[in-house]
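Here is how the chains run, residue by residue.
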Amino acid sequence: MSEALVATQVPEASASGTSGARQFWRRLRAQRAALVAAAVVALLVLVALAAPLLTALEGQDPTTYHPSLVDSARGGVPIGSFGGIGGDHWLGVEPQTGRDLFARLVYGARVSLGVALAATAVQVLLGVVVGVAAALGNRWVDQLLSRISDIIVAMPLMIMALALLAVVPGSFPRPVLVALIIGFVAWGTIAKITRAATLSLKELDYVSAARLSGWGTWRIARRELLPGLAAPVITYAALMVPANITIEAALSFLGVGVKPPTPSWGQMLTSANVWYQAAPQYLLLPAGALFVTVLALTVLGDGIRTALDPRAASRLRVGTGRKQEARVAAGEAKADPAGGKEAKS
């Protein structure tokens, strides 16, 4: 009987998942700000991936010095207007070194986005594993893993990252090291979110039916619980990426993150803090890139959160009019008339 119950519920879950995906895209499309943010993020990722091609089109690279393009008598200020902008150097050159700013900016996008995404992947992997294990384990396992998560959450991230980065040998690849440290030091919150969501999901009928049919704990977790955890995990991961970009930039700004000559937006800000008057573009370009990236990822993350959980209003309240929200809700009610009747009852 339990096997029959599982057999009837699996197709329903699949159909519900397909319908849920359509509703998610419909709600996301209703948020104009989220769509614009998604386009900006996609453009940034494309620029980061195409950095070698873009710099080849310009004819420059991020590490070559051009001492003839800076005025040594004035302390290394770029020669020419607007920091040496021209056909050979699209955004000008770096003070003192003469390195091409466009090349360093697009290669810096690779480092900043790559570190943030890799750190987020480590956080999600550790958080989901620990959270699911805590929720499905016995009382002692749950208590142990929950206390470990509490300790990780209470740790000051920047201080721990500074301490670990200071003791690791310089021969270790710095971008990889920064991503691993951020990931290993900041997974506690997603573990607690995953544990709470798993405890709610394990009480549902289809999970109980799978348990009665003789499925093992980890088979239930893989087949029944992980699909249900996708919404909260994706939501939180989308909001962690901009936070990790900021952390990487802060660590590089403090001099313990990515080391020269590898370009990074935070590292560029470190070198630019004394040039904001003589060469303001050297400071404004990486700062503007960081601002636009973090803002776009934050708006996109909020849009994903609202689309996955329509009961939670957007924290930003931009890009979605009330009339458009009403049209989306009406469309969902027509697509699922049974659900609308249940809601009215």
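Okay, so let's go over this structure. From a predicted model like this one, the values you see are computed outputs, not experimental measurements.

Contact geometry for helix H2 (residues 32-49) and helix H12 (residues 280-308): axes closest at 8 Å, N-to-C directions at 135°. Viewed along their axes, H2 and H12 adopt a mutual orientation that is oblique. Considering only the axes of H2 and H12, their crossing is left-handed. In contact with Ala33, Ala34, Ala37, Ala38, Val40, Val41 and Leu44 of H2, H12 contributes Val292, Thr293, Ala296, Leu297, Val299, Leu300 and Gly303. Here the contact of H2 with H12 is built from residues that sort into 12 nonpolar, 2 polar and no charged.

Let's shift gears to the environment of Ile85. The topology assignment puts Ile85 in the loop between strand S2 (77-78) and helix H4 (101-136). Separated by 17 residues in sequence, Ile85 and Phe102 have C-alpha atoms that sit 9.9 Å apart.

So, about the nonpolar core. Counting residues in hydrophobic clusters, the biggest one holds 33 residues, and the most contacted among them are Ile245, Trp265, Met268, Tyr282 and Leu290. Mapped onto this core, the elements with two or more residues apiece are helix H1 (2-29), H2, H4, helix H10 (217-253), helix H11 (265-272) and H12. Tallying contributions element by element places H12 first for this core, with 9 residues. Grouped together as the second largest cluster of nonpolar side chains are 16 residues, Ile190, Ala197, Leu201 and Ala210 included.

What counts as what
- Residues numbered from 1 in each chain as written.
- Predicted model: local features only at pLDDT ≥ 70, side-chain atom pairs only at ≥ 80, totals over all residues.
- Heavy atoms only, no water.
- Axes fitted to C-alpha atoms, helices over the stretch in contact; angles between N-to-C directions.
- Helix = DSSP H or I, 4+ residues; strand = E, 2+ residues; numbered from the N terminus.
- Parallel < 35°, antiparallel > 145°, perpendicular 65-115°, else oblique.
- Left-handed = near helix turned anticlockwise from the far one by under 90°.
- Contact = heavy atoms within 4.5 Å.
- Nonpolar A, V, L, I, M, F, W, Y, C, P; charged D, E, K, R; others polar.
- Core = buried A, V, L, I, M, F, W, Y, C linked by side-chain atoms within 4.5 Å.
- Buried < 20%, exposed > 50% of the residue type's maximum accessible area, 1.4 Å probe, protein only.

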